[in-house]
Amino acid sequence: QVVLVESGGGLVQAGGSLRLSCAASGRTFSDYRMAWFRQAPGKAREIVATITNRGSKTYYVDSVSGRFAISRDNAKNTVYLQMNSLKPEDTAVYYCAADRSRVWPGVRSEGYDYWGQGTQVTVSS
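Here goes a summary of the coordinates provided. In this text the structure is predicted, and so the values were computed from the model without any measurement. (Residues numbered from 1 in each chain as written. Predicted model: local features only at pLDDT ≥ 70, side-chain atom pairs only at ≥ 80, totals over all residues. Heavy atoms only, no water.)

This part takes up the packing of aromatic side chains. One pass over the structure, following the stated rule, counts 5 aromatic pairs. Geometrically, the ring pair formed by Phe 37 and Tyr 112 is edge-to-face, given 5.4 Å between the ring centres and 75 degrees between the ring planes. Taken together, the residues span a long stretch of sequence, with Phe 37 in strand S4 (residues 33-39) and Tyr 112 in the loop between strand S9 (92-99) and strand S10 (114-115) at a distance of 75 residues. Judged by its relative accessible area of 1%, Phe 37 is buried. For Tyr 112, a relative accessible area of 4% corresponds to the buried category. Taken together, the ring pairs connect Phe 37, Tyr 95, Tyr 112 and Trp 115 into an aromatic cluster. (Phe/Tyr/Trp six-rings, centres within 6.5 Å; stacked < 30°, edge-to-face > 60°. Helix = DSSP H or I, 4+ residues; strand = E, 2+ residues; numbered from the N terminus. Buried < 20%, exposed > 50% of the residue type's maximum accessible area, 1.4 Å probe, protein only.)

Below is the structure:
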């Protein structure tokens with residue numbers, strides 16, 4: 001069992017930045033591929049970014065590439081999502097997810113066994 005707790009969401013103006021954190025507990029964090037997903041009202045959950053268990057590879061959906069950065073600190077059992085140049089269309093609930101699979105890049109939500117409760121990100125225009 002892995003418990004994930006996100007933090008760092010909030011309200012920001014377009015062009016601003018936020019950093020999301022996801023703290024994990026329960027199992028060996030470095031065994032898990034991690035991901036950030038988001039879900040806007042009335043839309044399906046979508047992948048934002050993924051990172052391998054050791055942090056050697058990252059993946060970004062095209063809409064955030066160059067603006068967002070996923071990273072992890074295995075000593076702190078935490079994964080981060082640095083979000084820069086935020087746009088109103090980035091408004092969503094952001095979820096972190098974990099899985100032990102080595103499938104790459106792991107963009108399907110069905111591929112993750114553990115999920116956080118989500119944190120709201122709202123970008124005003």
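Having seen the structure, we can now continue with the description.
Let's shift gears to the sheet that holds strand S8 (residues 78-83). Within the open sheet, the 4 strands sit side by side as S1-S3-S8-S7. Their pairing is antiparallel. Sheet topology places strand S1 (3-7) and strand S7 (68-73) at the edges, where each strand pairs with a single neighbour. The average angle at which neighbouring strand axes cross in this sheet is 15 degrees, direction not considered. (Pairing = 2+ DSSP bridges. Axes fitted to C-alpha atoms, helices over the stretch in contact; angles between N-to-C directions.)

Turning to the environment of Arg 33, a few remarks are in order. Here Arg 33 lies in strand S4. In this structure, the C-alpha to C-alpha distance between Arg 33 and Arg 102, residues 69 residues apart in sequence, is 7.1 Å. A distance of 3.1 Å separates the side chain of Arg 33 from the backbone oxygen of Gly 111, its partner in a polar contact. A distance of 3.1 Å separates polar atoms of two side chains, one belonging to Arg 33 and the other to Tyr 112. (Polar contact = N/O pair within 3.5 Å; in protein donor to acceptor, adjacent residues only side chain to side chain.)

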